[in-house]
Every structure is written in C-alpha cells, then in structure tokens.
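Now for the letters of each chain:
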Amino acid sequence: EFNPEEGHYGIDIVAKTGSPIYATASGYVIFSDYTVEDGYMIIIIHPNDYISVYKHCLSLLKYKREKIIQSEMIALSGNTGHKSHGPHLHFEIWKNGQPLDPQKLFIN
C-alpha cells in the first residue's frame, strides 16, 4: 500500500519473475540502472511534471535518454535489490516532487 509517512512512496504489484512491465505514459527515460537497495530500476519523466518509477526489475529494456511511448514494454519484473522480498513490481508516481497514490490515478 501507498504509505509515504513510512517511506513507501508507491504500491507493490505481485508479478511472476520475467513478466512484462509497460510504461504508464509517454516520456523520456531519465534513469535506467542498478541500485543496491532497489535493484534494477527505470524512471521516466512525462509531460506536466509527472515521473513514474519502476523498481526491482529483472532486466531493463530501455536506456537513459530514450523516448518512450505509452504502453511500450520497458522492463521485466523481478526480485532485485536489498529492499525486495519476492517477485513484484514496486511502482511510484510523482508530480512536482510529491509522491501520488498510483491507485487513485488508475482508470481501470
């Protein structure tokens, strides 16, 4: 669950290792690399100051400065990084430097 008061700025979506991850909106990759805590992670900047973050990926399919189109496959889900405790996608949305609850933005 989204709980910024406890440092959980997104939601966790259970997924089998290797499941495709798709971009929520068009934009440009601003980060695509491995971090010790969050494993393989990709960050996309979108119009109107939105940023989406995808953590704990098995592998990344897009690289920094690449243009992304909405619904394009960008990574495969995994269980990487010290903060991961099982296969899943940790997904965050930010606007103007503030985390938003992704569940409140989903249409379906």
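As the structure is a prediction and not an experimental result, all values here were calculated from the model. (Residues numbered from 1 in each chain as written. Predicted model: local features only at pLDDT ≥ 70, side-chain atom pairs only at ≥ 80, totals over all residues. Heavy atoms only, no water.)

Trainee: So what about the nonpolar core? Which residues, and what values?
Mentor: Core analysis: the largest hydrophobic core is formed by 15 residues, its most contacted members being Ile21, Ile44, Tyr54 and Ile74. For this core, the secondary structure elements donating two or more residues are strand E4 (39–46), strand E5 (50–57), strand E8 (73–76) and strand E9 (88–95). Top element by residues in this core is E9. It accounts for 3 residues. In contact with Ile74, other than residues within four places in its own chain, are Ile21, Tyr22, Ala23, Ile42, Ile44, Tyr54, Leu60, Leu61, Lys62 and Ile68. (Core = buried A, V, L, I, M, F, W, Y, C linked by side-chain atoms within 4.5 Å. Buried < 20%, exposed > 50% of the residue type's maximum accessible area, 1.4 Å probe, protein only. Helix = DSSP H or I, 4+ residues; strand = E, 2+ residues; numbered from the N terminus. Contact = heavy atoms within 4.5 Å.)

Trainee: Kindly report on the sheet that holds strand E2 (residues 20–22), identifying the contributing residues and their values.
Mentor: Pairing within the open sheet is antiparallel, and its 3 strands lie in the order E2-E8-E6. With partners counted over all chains shown, the strands left at the sheet margins are E2 and strand E6 (59–60), one partner each. Both E6 and E8 contribute to a ladder of 2 bridges, which runs antiparallel. Considered in E8, the bridge of Ser59 is made with Leu76. (Pairing = 2+ DSSP bridges.)

Trainee: Please set out the pairing of E4 residue by residue, giving values where relevant.
Mentor: Every other side chain in a regular strand lies on the same face of the sheet, so the side chains alternate between the two faces. Of all 8 residues in E4, 6 are buried, a share of seventy percent or more. Sheet topology places strand E3 (residues 27–35) next to E4; 7 bridges connect them, and they run antiparallel. Directly across from Thr35, in E4, lies its bridge partner Gly39. Counted between consecutive antiparallel strands, the loop separating E3 from E4 contains 3 residues. For E4 and E5, the ladder comprises 6 bridges, and the chain directions are antiparallel.

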